[in-house]
There are 4 protein chains.
Amino acid sequence: MTWKILEKLTQPHHKMFTADTQIRIHYALTDQMGVVYHGHYAQFYEIGRAEWLRKLNYSYKDIEAMGVIMPVVDIHSRFLRPAKYEDLITVRTTLKEMPLHHKIVFHHEIYNEQGTLLNTGDVTLYFMNAKDMKRCEIPAILKEKLAGYFETGQ
Amino acid sequence: MTWKILEKLTQPHHKMFTADTQIRIHYALTDQMGVVYHGHYAQFYEIGRAEWLRKLNYSYKDIEAMGVIMPVVDIHSRFLRPAKYEDLITVRTTLKEMPLHHKIVFHHEIYNEQGTLLNTGDVTLYFMNAKDMKRCEIPAILKEKLAGYFETGQ
Amino acid sequence: MTWKILEKLTQPHHKMFTADTQIRIHYALTDQMGVVYHGHYAQFYEIGRAEWLRKLNYSYKDIEAMGVIMPVVDIHSRFLRPAKYEDLITVRTTLKEMPLHHKIVFHHEIYNEQGTLLNTGDVTLYFMNAKDMKRCEIPAILKEKLAGYFETGQ
Amino acid sequence: MTWKILEKLTQPHHKMFTADTQIRIHYALTDQMGVVYHGHYAQFYEIGRAEWLRKLNYSYKDIEAMGVIMPVVDIHSRFLRPAKYEDLITVRTTLKEMPLHHKIVFHHEIYNEQGTLLNTGDVTLYFMNAKDMKRCEIPAILKEKLAGYFETGQ
């Protein structure tokens, strides 16, 4: 079992579940405390997820074009240190588990240029049919793209 | 002719083209200059227009329900003095002329609680069919509601 | 002890810990899913807290004027149903426990006009000295205003 | 004189007054019309100006560090075509004239990936001392950096 874990940790493709994207903080994102307003971090997570999908050669636009939408149903944010004007932050987005049925959970970490962790966010989204607003299974094409990265069988 | 102008100026219903609405400035609207970020004033104008329509017993939602949308095509803002956190600002929205064809122009003035003018905004919108995205005439029902307030004939 | 709890539950002033405030959804808050963008709810909570303080005849501006700031350190949001354009939502803000030391936790519930619960948010803030950015005790004046509403002694 | 104009038009360094920066449209920027909300363009201009300064090896943060702030006093936006979700827009920022005294005017053009012009914005800012909020001259260091690009003498 130990060996199995080790193998898992060293599998190169495991890194591909994580996508990094950078955002330069502009003035509109600051508040009069002189830091980024806490309410804007949800947007940073969203940008991180879009980039994560793009690394799979996919996009949220493609998903909507199939008639599927992905509303956010739960967010948990922890604010450790503030981001500031002109900071170039990195949003690291990770899918830790293969999505089951209609639910997908992303973990986001936000770092400043010095590599200090500023913020974490766990975001749960559902797959839903835009037509009837009923929950649906994760689209097959997305499941396939992810399959290679998760152990599925044993 | 002078008499005609005078009559116009003293017509009491002329005041009804103007609708006032109040907005309390919350933290998210401030920036690190300690004032309201300039980019948020377009939202104040939007809120002013919605309230202006509501005073006509109408709403922008009703307009969209008819298949008509009203994209903004031009904004000119002048920033005279800053609004600050917790200020209770008043957005005064005025339609100065009966809209012609597909075009409507609103004039907005923003005041603080002391009655000081902080900002003005002139916003031009078009009436367009949502279906084909072509410009269309102002909806008849809105024209009727406005007719009483403007001299139409001579 | 049972009697004590009962008394607590029936104390009329207990309702005063909860403040309701209403927000009309404007267009800027919607996204192309046709609902309020999830990232904007943190602003609704902020507006709720400001109103909650105002009901105590106090304001966040007063707190900042004392050299104390209140950064948000944790948010947990649950999205049950979407808010939509022109909805008049109610933000219900509750302080469930007397704040201890540097920490205060608010519970927010958001309802639509039909009284349906749309969203809940638990927000933790710290009291900090603006000067040295160190955590500090809840300001004495705020503690006093709250003291009447919580059992403090035995 | 014609020759002079020609020479001006062909001076290679003249292009350096213009800085291009790209922005990927995320969901938060859309509204229920399915396009970017008009109120967000002021942020695009701001991002364009910051990038323009960065190309001069300078930043707005440096300006604030000198005790100078640059409030926006006038914006004129024209909306020709909408930007949409996932569009990669280009903000082209140009300083057409050497700033005089306390005033600087930027011209912004926003293009989509096909090179279609979507929007233009003319933004006027003042240089002001943060301490007393009085207008002041353009900082000497910024004037120097710009001097090479404009004919100053004859």
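All of the points below concern the structure found in this document. (Residues numbered from 1 in each chain as written. Chains lettered and ligands numbered in written order. Predicted model: local features only at pLDDT ≥ 70, side-chain atom pairs only at ≥ 80, totals over all residues.)

**Digging into the overall build of chain A**
Helices and strands together make up the secondary structure of chain A, namely four helices and seven strands. Ordered by position from the N terminus, the helices and strands of chain A form the series α-β-α-α-β-β-β-β-β-β-α. Going through the 154 residues of chain A one by one, you find that 31% of them count as buried. A separation of at least 24 residues holds for 68% of the contacts in chain A among residues at least 6 apart in sequence. (Helix = DSSP H or I, 4+ residues; strand = E, 2+ residues; numbered from the N terminus. Buried ≥ 20, exposed ≤ 12 C-beta atoms within 10 Å, placed from the backbone. Contact = placed C-beta atoms within 7 Å.)

**As for the relation of the copies chain C and chain A**
Once chain C is rotated about the relating axis by 180 degrees and shifted along it by 0.0 Å, it coincides with chain A to within an RMSD of 0.0 Å. Those values place the two copies in the arrangement expected of a two-fold rotation axis. When C-alpha distances to the rotation axis are compared across chain C, the minimum falls at C:His76, with a value of 2.2 Å. Here 100% of the contact residues of chain C are again contact residues in chain A; the copies associate through an equivalent surface. (Least-squares fit on C-alpha atoms with pLDDT ≥ 70 in both.)

**A closer look at the sheet that holds strand S3 (residues 72–79) of chain D**
Taken in spatial order, the 10 strands of this open sheet run S1(B)-S4(B)-S5(B)-S6(B)-S3(B)-S3(D)-S6(D)-S5(D)-S4(D)-S1(D), and their pairing is antiparallel. Looking along the sheet, the strands with just one partner apiece sit at the ends: strand S1 (18–24) of chain B together with strand S1 (18–24) of chain D. Each strand of the sheet is rotated relative to its neighbour by a mean of 20 degrees, with strand direction disregarded. Of the strand pairs in this sheet, strand S3 (residues 72–79) of chain B and strand S6 (residues 117–126) of chain B are connected by seven bridges, and their pairing is antiparallel. Residue pairing across strands places B:Asp74 opposite B:Thr124, the latter belonging to S6(B). Of the strands in this sheet, S1, S3, strand S4 (88–95), strand S5 (103–111) and S6 of chain B touch helix H2 (residues 41–55) of chain B, which is tilted by about 130 degrees from S1(B). Together, S1, S3, strand S4 (88–95), strand S5 (103–111) and strand S6 (117–126) of chain D form the strand contacts of helix H2 (residues 41–55) of chain D, whose direction differs from that of S1(D) by roughly 130 degrees. (Pairing = 2+ DSSP bridges. Axes fitted to C-alpha atoms, helices over the stretch in contact; angles between N-to-C directions.)

**With respect to the pairing of strand S5 (residues 103–111) of chain A**
All names here are of chain A. Going residue by residue along S5, you find Ile-104, Phe-106, His-108 and Ile-110 tucked away on one face and Lys-103, Val-105, His-107, Glu-109 and Tyr-111 left uncovered on the opposite face. Examined bridge by bridge, strand S4 (residues 88–95) and S5 share six bridges and lie antiparallel to one another. Counterpart to Thr-93 in the pairing with S5 is His-108. Two elements, S5 and strand S6 (residues 117–126), share nine bridges in a ladder whose sense is antiparallel. Within the sheet, the bridge partner assigned to Lys-103 lies in S6 and is Tyr-126. Counted along the chain from S5 to the antiparallel partner S6, the turn is five residues long, and its residue Gly-115 has a positive phi close to 85 degrees.

**Looking at the relation of the copies chain C and chain B**
When chain C is fitted onto chain B, the two copies agree to an RMSD of 0.0 Å after a turn of 180 degrees and an axial shift of 0.0 Å. When the interface residues of chain C are mapped onto chain B, 100% of them are again interface residues, pointing to one common binding face.

**Regarding the interface of chain C and chain B**
Listed by partner, the interface residues are 11 residues for chain C and 11 residues for chain B. With four residues, the top contributor of residues to the side of chain C that touches chain B is helix H2 (residues 41–55) of chain C. Looking at the side of chain C that touches chain B residue by residue, the class counts come to five nonpolar, three polar and three charged. (Nonpolar A, V, L, I, M, F, W, Y, C, P; charged D, E, K, R; others polar.)

**Some words on the interface of chain C and chain A**
Taken residue by residue, the interface counts 16 residues in chain C and 16 residues in chain A. Those elements that provide at least two residues to the side of chain C that touches chain A are H2 and strand S3 (72–79) of chain C. By residue number, the principal contributor to the side of chain C that touches chain A is S3(C), which donates eight residues. For the side of chain C that touches chain A, a count of residues per class yields eight nonpolar, five polar and three charged. Bridge analysis of strand S3 (residues 72–79) of chain A against S3(C) gives five bridges, and the strand direction is antiparallel. By the bridge assignment for S3(C), A:Arg78 is matched with C:Asp74.

**Here we look at the sheet that holds S3(A)**
Spatially, S1(A)-S4(A)-S5(A)-S6(A)-S3(A)-S3(C)-S6(C)-S5(C)-S4(C)-S1(C) is the arrangement adopted by the 10 strands of the open sheet, whose pairing is antiparallel. Looking at the sheet topology across the chains shown, the edges are occupied by strand S1 (18–24) of chain A together with strand S1 (18–24) of chain C. Direction aside, the axes of adjacent strands within the sheet are offset by 20 degrees on average. Sheet strands in contact with helix H2 (residues 41–55) of chain A are S1, S3, S4, S5 and S6 of chain A, and its direction is about 130 degrees off that of S1(A). Where H2(C) meets the sheet, its contacts fall on S1, S3, strand S4 (88–95), strand S5 (103–111) and strand S6 (117–126) of chain C, and the angle it forms with S1(C) comes to roughly 130 degrees.

**Here's the deal with the environment of D:Ile63**
Residue and element names in this part refer to chain D. Position of Ile-63 among the secondary structure elements: in helix H3 (residues 60–65). For Ile-63, a count of 19 C-beta atoms within 10 Å gives the class partly exposed. The sequence separation of Ile-63 and Ile-138 amounts to 75 residues, and the corresponding C-alpha distance is 10.0 Å. Apart from the residues within four sequence positions on either side, Ile-63 is in contact with Val-68, Met-70 and Pro-139.

**Looking at the environment of A:Phe127**
Residue and element names in this part refer to chain A. Assignment of secondary structure puts Phe-127 in the loop between S6 and strand S7 (128–129). Under the C-beta neighbour-count criterion, Phe-127 is labelled buried, with 20 such atoms within 10 Å. Counting along the chain gives 61 residues from Phe-127 to Met-66, while the straight-line C-alpha distance between them is 11 Å. With sequence-adjacent residues up to four places away left out, Phe-127 is seen in contact with Val-68, Met-70, His-102, Arg-135, Cys-136, Glu-137 and Ile-138.

**Side note on the environment of B:Gly121**
Residue and element names in this part refer to chain B. Among the secondary structure elements, Gly-121 is positioned in strand S6. For Gly-121, a count of 22 C-beta atoms within 10 Å gives the class buried. On a C-alpha basis, the gap between Gly-121 and Tyr-149 in space is 22 Å, while along the polypeptide they are 28 residues apart. In contact with Gly-121, other than residues within four places in its own chain, are Tyr-41, Tyr-45, Ile-75, His-76, Ser-77 and His-108.

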